[in-house]
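Remarks on the overall topology
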Amino acid sequence: MTDQHLYAPEGIYAPEGNDASSKAWSGRFSEPVADVVKRYTASVFFDRRMALQDIRGSLAHARMLAKQAIISVPDLTAIERGMAQIQGEIERDEFQWKLDDEDVHLSIEKRLIALVGDAGKRLHTGRSRNDQVATDIRLWLRDSLDVIDTLLRGYQAALLDLAEQHAATPMPGYTHMQVAQPVTFGHHLLAYVEMAQRDRSRLADCRRRMNRLPLGAAALAGTSFPIDREFVARELGFDGVCENSLDAVSDRDFAIEFSAAAALIMMHISRFSEELVLWMSPRIGFIDLADRYCTGSSIMPQKKNPDVPELARGKSGRVYGHLMGLLTLMKGQPLAYNKDNQEDKEPLFDTVDTLADTLRIFADLAPGIRVKPEAMAAALKQGYATATDLADYLVKLGLPFRDAHEAVARAVRAAEVKGCELAELSLEELRAHAPAIGQEVYAVLSVEGSLAARDHIGGTAPKQVRAAIARARQALA
Ligand code: ARG
């Protein structure tokens, strides 16, 4: 274990020799940074993911500097040319990332200076890495948030397609994991579409607050150059500027808000996963999952395990963890920028990666759910799922609800003793508990009757489920 390290695999980020003057800030230092400290403080292994955002931010800053005559137009042209080359190198994976260059910002700036000389050295005028990094993360997260929103939409669309096919497929609805009342499988799926819709509105909300420009705050107090922050904000697609320079460089609320929204998304997916796992267990057997989402056992030849939903359920844990990590990262920090903030990136990156993969997989997994309506219908026959319908029927005949509830409870007990369903009791047997009951009770007790009766917005009547699907599709369009 000499130079080997999880974050600095040998050969990729080999130190270049330890020359005190190799750093952009080394002027005031009399001895080189210890190797372990270099590795400990460097972020280039992970923050290079923000390279394109860093270039975008630098170009907007340089254009503003030229517009304000802080740098010359030829300098701007040189910076633009250098950055175009650097972007190409990064995209072709030819860029040399080095531990010695510390972070993405210094790596790109150093390369720019190597390519275009003094013009490159003027880029950092009126700017600090503190407002630069704050800008880069906002840009990166804004881009990622837009991708996540599109993926959520795809997941919703896949659920809606499945819901449409099963708008009238009866299944037991549960409370306390006990059979409660019939619902349709389509209606059940629409609950997850609603959750995803709220998730998307949370992301939009978070995006609105995130979409402000920190650049111009410089290190913490602003800059003595005649900058035009509104111009940079417009160039980068921000809605406005962060108004206090100290807050601009130190605020990471947007990262925490995003992580909270991400935790909720994973919680929703985890609940769905739990249901998929339960539904696939042979005891319940409501669905089968396409083979591409399952794995076998190395010892039990008969096994087909729902690994993907299980993993998604498990991965919610790391996303919650990142939220806690970021909250803890920020809680003790005095104003303004502190190096602690460098720790914000890995949790954010992992949150986005986990979320994106999970949503991608679930959008594809939904059409791979094979529904077994016979198993759902069989489960509906156990548990007196239409008992509430009988009570509602008695209320419509004039009984107070509490008396109706009592009468039906007695009828359920009688059916239990006889070992049959409510609809299998004769009219006389039912009338023993409520004499007003008529022949039409058998339609009331049927699953189809129960479903069709819940005919209002938000209800499970197949007609309402179809209308809800149409509304949801409109919201997606
Ligand atoms: N890599 C640093 C980060 O991620 C960039 C800002 C460093 N600023 C500084 N003054 N050391 O936060």
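Provided above is the structure to which this section pertains.
The structure presented is a predicted model; accordingly, all values stated were derived computationally and were not measured.

**Quick look at a nonpolar patch on the surface**
- On the surface, a cluster of nonpolar side chains totalling about 270 Å² of accessible area is made up of Leu-220, Leu-246 and Leu-335.
- Considering the arrangement of structural elements, one finds Leu-246 in helix 10 (residues 245–250).
- Here Leu-246 falls in the partly exposed class, since its relative accessible area comes to 31%.

**Some details on the site of the ligand**
- In the neighbourhood of the ligand, the contacting residues comprise Ser-43, Asp-47, Asp-103, His-105, Arg-129, Asn-130, Val-133, Tyr-337, Gln-342 and Lys-345.
- Within the contact set of the ligand, a nitrogen atom lies 2.8 Å away from a side-chain nitrogen or oxygen of Gln-342.
- Relative to its unbound accessible area of 340 Å², the ligand is 85% covered by the protein chains.
- The residue makeup of the shell around the ligand, split by class, is two nonpolar, four polar and four charged.

**Quick word on the pattern of salt bridges**
- Throughout the structure, instances matching the rule amount to 37 salt bridges.
- Asp-353 serves as the salt-bridge partner of Arg-49, at 2.8 Å between the closest nitrogen and oxygen. Of the two residues, Arg-49 sits in the loop between helix 2 (44–47) and helix 3 (51–67) while Asp-353 sits in helix 13 (residues 345–365), which places them 304 residues apart along the sequence.
- The partner of Asp-228 in a salt bridge is Lys-67, and the shortest N-O contact between them spans 2.9 Å. Here Lys-67 lies in helix 3 and Asp-228 lies in the loop between strand 3 (212–213) and helix 9 (229–235), a separation of 161 residues in the sequence.
- A network of salt bridges, in which partner residues are shared, links Glu-102, Asp-103, Arg-129 and Lys-339.

**Here we look at the packing of helix 7 (residues 129–165) against helix 20 (residues 462–476)**
- It is at 11 Å that the axes of helix 7 and helix 20 come closest, and there the two elements cross at 160°. Taken as axis vectors, helix 7 and helix 20 run roughly antiparallel relative to one another. For the pair helix 7 and helix 20, the crossing hand works out as left-handed. Contact residues: helix 7 offers Arg-153, Gln-156, Ala-157, Leu-160, Asp-161, Ala-163 and Glu-164, while helix 20 offers Ile-469, Ala-472, Arg-473 and Leu-476.

Basis of the calculations
Residues numbered from 1 in each chain as written. Predicted model: local features only at pLDDT ≥ 70, side-chain atom pairs only at ≥ 80, totals over all residues. Heavy atoms only, no water. Patch = residues over 30% accessible without salt bridge, like charges linked within 9 Å, V, L, I, M, F, W, Y side chains within 5 Å. Areas by Shrake-Rupley, 256 points an atom, 1.4 Å probe, with all protein chains shown as cover. Salt bridge = Lys/Arg side-chain N within 4 Å of Asp/Glu carboxyl O. Helix = DSSP H or I, 4+ residues; strand = E, 2+ residues; numbered from the N terminus. Buried < 20%, exposed > 50% of the residue type's maximum accessible area, 1.4 Å probe, protein only. Near = heavy atom within 4 Å. Polar contact = N/O pair within 3.5 Å; in protein donor to acceptor, adjacent residues only side chain to side chain. Nonpolar A, V, L, I, M, F, W, Y, C, P; charged D, E, K, R; others polar. Axes fitted to C-alpha atoms, helices over the stretch in contact; angles between N-to-C directions. Parallel < 35°, antiparallel > 145°, perpendicular 65-115°, else oblique. Left-handed = near helix turned anticlockwise from the far one by under 90°. Contact = heavy atoms within 4.5 Å.

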